[in-house]
Amino acid sequence: MRESFAEHYRGLFAVAYRDLISFSRGRVAVFSSLILPLGFLVFIGIGLDDVVDPSAVGASYLKFVYPGMIAMALSQTALFGGAQIFWDRQYGYLKMMLAAPVSRLGIIGGKITAVTVISLFQVAAMLVVAPFIGVSVTGWVIPALFLYLVLFSVAVGSLGVLIGVRIRSPQSAQMVGVVTFPLTFMSGMFFPVNSVPTWLEVLAKINPLTYPVAGIREVLLSRTDPDVSTAVLEPFAVHVFGYRMGAWENALVAAGFGVVLLAAATWSFSRQE
Amino acid sequence: MATIQAGGLRKSFGRIEAVKDVSFSVDKGELFGFLGPNGAGKTTTIGMLTTLLRPTGGRATVAGNDVVRDPAAVRRSIGLVLQESTYDQDLTAMHMLRIQGIAFGLSAREIRTRSEELLSLLDLWDRRNDRLREYSGGMARRAELARGLVHKPEVLFLDEPTLGLDPQSRRTMWDYIDGLRRTDGVTIFLTTHYMEEADNCGRLGIINDGRIVALDTPDRLKSQLGGDVVTIVSPQPTQVAAEVMERFGVATQTVEGIVTANVQDAAGFLPELLRGLTTPVDSVSVNRPTLEDVFVSLTDRNFGKAQNDLDGKRS
C-alpha cells in the first residue's frame with residue numbers, strides 16, 4: 001500500500017484532535033483523572049509511610065512511592081486511552097476514519113498522541129504536590145522526566161491500542177484490567193524489585209515497565225535533599241545479571257518496548273477490515 | 001469511463017458468502033439505486049466499494065481507481081453516509097466537520113467556508129455548536145451528510161440515508177442531494193427501502209442472495225414485469241394460492257398473508273377468478289405493477305416489510 005507522509009500526519013492530527021476535544025468536554029473525566037492519582041498518593045503513601053522502614057526502600061516510603069504513583073497514573077491513562085479504539089469501532093466513528101485518506105499508523109499515532117498529552121497533563125497536576133513531599137523538580141530533572149514520561153506513555157499507549165484492536169466484544173474489554181494489574185503491580189511502582197522473593201523479582205525484571213519506572217524514580221529523586229544521595233538511590237536501582245541499569249539504559253528499554261508495541265499494534269490494525 | 005465499475009465482486013466471511021457475484025457500472029452524475037432485502041449483500045457491497053472491506057474476488061474501480069490497489073485514491077474521491085450512526089454524541093457538528101476536514105487535508109480556511117456553506121444549506125448553522133446528543137434524528141443525519149460532503153467528493157455513497165426520518169427531513173436532504181448531482185455532477189450510489197426514493201433513481205440494481213438479479217431503469221423494470229397485478233386478501237392465503245394455481249395455472253407470491261398474481265389481462269381474468277374461487281376472500285384489487293411488485297417477484301420479499309424489520313432493529 002502506498003502511503004504518503006501526508007496520510008500519516010493528517011490521520012494523526014484528526015484523531016488526536018477528536019480524542020482531546022472529546023476528553024476535554026467530559027468534565028467529570030477531567031476532574032477524576034486529576035484527583036484520583038492524588039487520592040491514591042495520599043492514602044497509600046501516607047498510610048504506609050510510618051509502617052515501611054526507610055532503609056528498605058532507600059527513602060521515606062512516601063518519597064519512594066511518589067514516582068511509582070506517577071507511573072501508575074500514566075499507565076492507567078495510556079492503557080485505557082489506547083484501548084478506547086475498541087469503543088471507537090463499536091460506536092462507528094472509527095469507520096469514518098478508515099474510509100478517509102489517512103494511514104492506519106496515523107490513526108494509531110493520533111490515539112497515542114492524545115493519551116500522551118492527557119497523561120502529561122495528569123502528571124503536571126501530580127507534580128504540584130512535589131514540594132510537600134520533599135521532592136525537588138528543578139533544572140535538568142524537568143526535561144529528563146518529560147522524556148521518560150513520553151517514552152512511557154507511547155509504550156503503554158501502544159499496548160493499549162494493541163489490546164483494543166484485538167478485542168472483539170465489550171465483555172473481553174475486561175482484558176484491559178487483566179493486563180494492567182500484573183503490569184503495574186510487578187513493576188516496582190510500590191516496592192523495590194531487589195528485595196522481594198526471587199520468583200517475584202524474576203517476574204518484575206521480565207516486565208518491561210520495571211525499567212522506565214526505575215528510571216522515573218531515579219530522575220525524580222536524584223535532586224531530593226537531604227536524605228537522598230547516590231548511595232541511598234541504590235536500593236531501588238534495577239540489576240540485570242549483576243549489571244546496574246542506569247538512566248539511559250532504562251530509557252532505552254522503554255523506547256525499544258514502545259517501538260515493538262507500536263509496530264505490533266499497527267500491523268494488527270492494518271490486517272483487519 | 002464509468003465512475004463506479006464492479007466486475008464479479010465476491011466477499012466471504014469465513015464460510016458465509018455474503019456477496020457471490022456482483023457486476024454493474026454507474027456513470028458520472030447518475031443516481032443509482034441499489035435495492036435488495038436485508039442480508040442480500042447491499043452493505044457488504046458498499047463496504048467493498050468504499051475500501052472498508054477487501055473483496056474476496058472480482059474487482060472494482062471508483063472514480064478511476066482500483067479499490068484494492070489504490071485505496072487511498074478511492075478514499076479521497078468518496079463521501080460516505082452509512083446506515084448506522086457514526087458520530088460521537090459529545091461533539092458538535094462543527095467538531096465533526098473539522099475532524100473530517102483535517103483527515104482530508106483541507107486548510108483551516110477551507111474547513112470554515114465549507115462548514116458554513118453546508119450547515120446553512122442543511123439548516124443546521126444555528127445549532128452548529130450544540131452537542132450532537134441534543135440533535136433530533138433528522139438533524140444528526142443531515143450533519144452526517146454534511147460531513148460526507150466537506151471535501152467535495154466525486155462519488156457519494158448513501159446507505160439508507162433517510163431511514164427513520166420524517167418526510168420533511170427527507171425532503172430537505174433529497175433536495176440538496178439532487179442539486180449536487182445536477183449542478184456538480186456528483187455520482188450518487190444509494191441504498192433505500194423507500195419506494196419513492198427508488199422510483200426517483202436513474203437506474204436500479206436489485207441484489208438478492210449475493211447476486212444481481214435485475215439492472216435497469218425503474219420504468220423498464222416495471223414494464224418487464226408486464227400486465228397487471230392482482231392482489232387478493234383472504235383469511236386463508238395458502239389455500240387461495242393453491243387454488244389459483246390449480247384452477248387457472250397462475251403462479252402467485254404470498255408475502256405477509258397477501259397473495260399477488262401477475263396476469264396479462266386482469267379485466268378478463270377477474271370475473272373468471274371470482275366465479276371459480278371457492279376459498280373465502282376479503283378483497284380483490286388490480287393495479288399496474290409498481291416497484292414493490294418488481295421487488296417481490298424478484299426476491300420473494302416485501303419492500304416495506306424489510307423497512308419494518310429495520311425500524312424494529314433500530315428502536
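Residues numbered from 1 in each chain as written. Chains lettered and ligands numbered in written order. Predicted model: local features only at pLDDT ≥ 70, side-chain atom pairs only at ≥ 80, totals over all residues. Heavy atoms only, no water.

Novice: I tried to follow the overall build of chain A on my own but got confused; where do I start?
Specialist: The helix and strand inventory of chain A stands at 14 helices and two strands. The C-alpha radius of gyration computed for chain A amounts to 19 Å, which stays within 12% of the reference 19 Å derived for 273 residues, consistent with globular compactness. Along the first, second and third principal axes, the C-alpha atoms of chain A reach 60 × 40 × 40 Å. Here chain A, with 273 residues, has 52% of them falling under the buried criterion. (Helix = DSSP H or I, 4+ residues; strand = E, 2+ residues; numbered from the N terminus. Rg over C-alpha atoms; globule rule 2.2 N^0.38 Å. Buried < 20%, exposed > 50% of the residue type's maximum accessible area, 1.4 Å probe, protein only.)

Novice: For this particular structure, what's the right way to read the overall build of chain B?
Specialist: Counting its regular elements, chain B contains 12 helices and 14 strands. Reported as C-alpha extents along the three principal axes, the dimensions of chain B are approximately 75 × 40 × 40 Å. For chain B, restricting intrachain contacts to residue pairs at least 6 apart in sequence, the fraction spanning at least 24 positions comes to 71%. Of the roughly 13,800 Å² of accessible surface on chain B, a fraction of 46% belongs to carbon and sulfur atoms. When the 38 basic and 42 acidic side-chain charges of chain B are each reduced to a single mean position, those positions are 7 Å apart. (Contact = heavy atoms within 4.5 Å. Areas by Shrake-Rupley, 256 points an atom, 1.4 Å probe, with all protein chains shown as cover. Lys, Arg positive; Asp, Glu negative; His and termini not counted. Charge placed at Lys NZ, Arg CZ, Asp CG, Glu CD.)

Novice: Just to check I follow, could you spell out the interface of chain B and chain A for this structure?
Specialist: In many reports, interface size means the accessible area that the parts give up when they come together. Listed per partner, the contact involves 31 residues of chain B and 27 residues of chain A. Here B:D88 and A:R18 are joined by a salt bridge, their closest N and O atoms 2.6 Å apart. At the junction of chain B with chain A, the criterion picks out eight residue pairs in polar contact (both at pLDDT 80 or more). Only β1 (4-13), α2 (71-77) and α3 (93-103) of chain B provide two or more residues apiece to the side of chain B that touches chain A. (Salt bridge = Lys/Arg side-chain N within 4 Å of Asp/Glu carboxyl O. Polar contact = N/O pair within 3.5 Å; in protein donor to acceptor, adjacent residues only side chain to side chain.)

Novice: Please clarify how the packing of aromatic side chains should be interpreted in this entry.
Specialist: For the structure on display, the rule yields 15 aromatic pairs over all chains. An aromatic cluster is built from B:F24, B:F32, B:F34, B:F157 and B:F189, whose rings are joined through pairwise contacts. The ring of A:F64 has A:R217 lying over it, and the distance from NZ or CZ to the ring centre is 3.7 Å. The positively charged end of A:R271 is found above the aromatic ring belonging to A:W267, 4.4 Å away from the centroid. (Phe/Tyr/Trp six-rings, centres within 6.5 Å; stacked < 30°, edge-to-face > 60°. Lys NZ or Arg CZ within 6 Å of the ring centre and 35° of its normal.)

Novice: What am I meant to see in the sheet that holds strand β13 (residues 258-263) of chain B here?
Specialist: Two modes of strand pairing occur in sheets, parallel and antiparallel, and in both the strands are linked by backbone hydrogen bonds. All names here are of chain B. With antiparallel pairing, the four strands of this open sheet are ordered in space as β12-β13-β11-β14. The open sheet is flanked by β12 (252-255) and β14 (283-287), the only strands paired with a single partner. Adjacent strand axes in the sheet meet at a mean angle of 20° when their direction is disregarded. Judged from the five bridges that link them, strand β11 (residues 228-233) and β14 form a sheet pairing that is antiparallel. When the bridges of β14 are listed, V230 appears paired with V286. (Pairing = 2+ DSSP bridges. Axes fitted to C-alpha atoms, helices over the stretch in contact; angles between N-to-C directions.)

Novice: I'm lost on the packing of helix α5 (residues 137-149) of chain B against helix α6 (residues 167-184) of chain B in this one. Help?
Specialist: The angle between the axes and the distance between the axes are what describe a pair of packed helices. All names here are of chain B. Relative to each other, α5 and α6 sit at 15°, their axes nearing to 10 Å. Classified by the interaxial angle, the pair formed by α5 and α6 is roughly parallel. At the point where α5 passes α6, the crossing takes the right-handed sense. Note on element contacts: α6 touches α5 through S169, T172, M173, Y176, I177 and L180, opposite G138, R141, R142, L145 and L149. (Parallel < 35°, antiparallel > 145°, perpendicular 65-115°, else oblique. Left-handed = near helix turned anticlockwise from the far one by under 90°.)

Novice: Help me understand unusual backbone geometry in this model?
Specialist: Glycine aside, the phi torsion of most residues is negative, and most peptide linkages are trans. Residue and element names in this part refer to chain B. Here the phi dihedral of T51 falls at roughly 70°; this positive angle occurs in a residue that is not glycine. Inspection of the secondary structure puts T51 in the loop between α1 (42-49) and β4 (57-62). When its relative accessible area of 9% is taken as the criterion, T51 is described as buried.

Novice: Would you take a moment to explain the domain arrangement of chain B for this structure?
Specialist: Residues and elements named next belong to chain B. Taken as a whole, chain B is organised into domain 1 (2-217) and domain 2 (221-314). Put simply, the middle of domain 1 and the middle of domain 2, counted by C-alpha atoms, are 34 Å apart. Facing 23 residues of domain 1, the contacting portion of domain 2 comprises 17 residues. Around 1,800 Å² of area is buried between domain 1 and domain 2 when both sides are counted, 64% of it from carbon and sulfur atoms. Applying the counting criterion to the domain 1 and domain 2 interface returns one salt bridge. Note that K222 is salt-bridged to D199, the shortest N-O span being 3.0 Å. (Domains from an automatic or database assignment. Buried area = accessible area lost by both parts, 1.4 Å probe.)

Novice: What's the story with the confidence of the model for chain A in this structure? I'm lost.
Specialist: A low pLDDT means the predicted coordinates there should not be read in detail. Residues of chain A with pLDDT of at least 70 account for 93%, and the chain-wide mean is 85. Averaged pLDDT values over the elements of chain A bottom out at 54 in helix α13 (residues 230-233) of chain A and peak at 93 in helix α7 (residues 104-127) of chain A. (pLDDT = per-residue confidence, 0-100.)

Novice: How should helix α1 (residues 5-25) of chain A be read in this particular structure?
Specialist: An α-helix turns once per 3.6 residues; consequently, residues spaced three or four apart project the same way. Over its 21 residues, α1(A) extends 30 Å from the first C-alpha to the last, a length consistent with the 30 Å expected when each residue adds 1.5 Å. The set of residues buried in α1(A) consists of A:E7, A:R10, A:G11, A:A14, A:V15, A:A16, A:R18, A:D19, A:I21 and A:F23. Check the buried side of α1(A) and you find it contacts α2 (27-49), α5 (85-90), α6 (93-98) and α7 of chain A together with α2 and α3 of chain B. (Expected span 1.5 Å × (residues − 1).)

Novice: Please clarify how the nonpolar core should be interpreted in this entry.
Specialist: If you look at soluble globular proteins, the nonpolar side chains tend to sit buried side by side. Core analysis: the biggest nonpolar cluster contains 143 residues, and B:F24, B:L145, B:F157 and B:F189 have the highest contact counts within it. The greatest single-element share of this core, amounting to 14 residues, is contributed by helix α4 (residues 61-83) of chain A. Residue contributions to this core reach at least three from each of two domains, namely domain 1 (2-217) and domain 2 (221-314) of chain B. Once residues lying within four places of it in the same chain are set aside, the contact partners of B:F157 are B:I4, B:I46, B:L49, B:T50, B:V62, B:I78, B:G79, B:L80, B:V81 and B:F189. (Core = buried A, V, L, I, M, F, W, Y, C linked by side-chain atoms within 4.5 Å.)

Novice: How should I be thinking about helix α12 (residues 210-221) of chain A in this particular structure?
Specialist: All names here are of chain A. Helix length check: α12, at 12 residues, gives a terminal C-alpha distance of 16 Å against a target of 16 Å (1.5 Å per residue), a fit within 8%. For α12, the tally of buried residues reaches 12 of 12 residues, placing the bulk of the element in the interior. Taken as a whole, α12 has its buried residues at T210, Y211, P212, V213, A214, G215, I216, R217, E218, V219, L220 and L221.

Novice: What is the right way to read the side chain of B:E243 from this model?
Specialist: Residue and element names in this part refer to chain B. For E243, the location among the structural elements is in helix α9 (residues 237-248). Here E243 falls in the buried class, since its relative accessible area comes to 8%. At 2.4 Å, the side chain of E243 forms a polar contact with the side chain of T279. Excluding residues that lie within four positions of it along the chain, E243 makes contacts with F248, G276, L277, T278 and T279.

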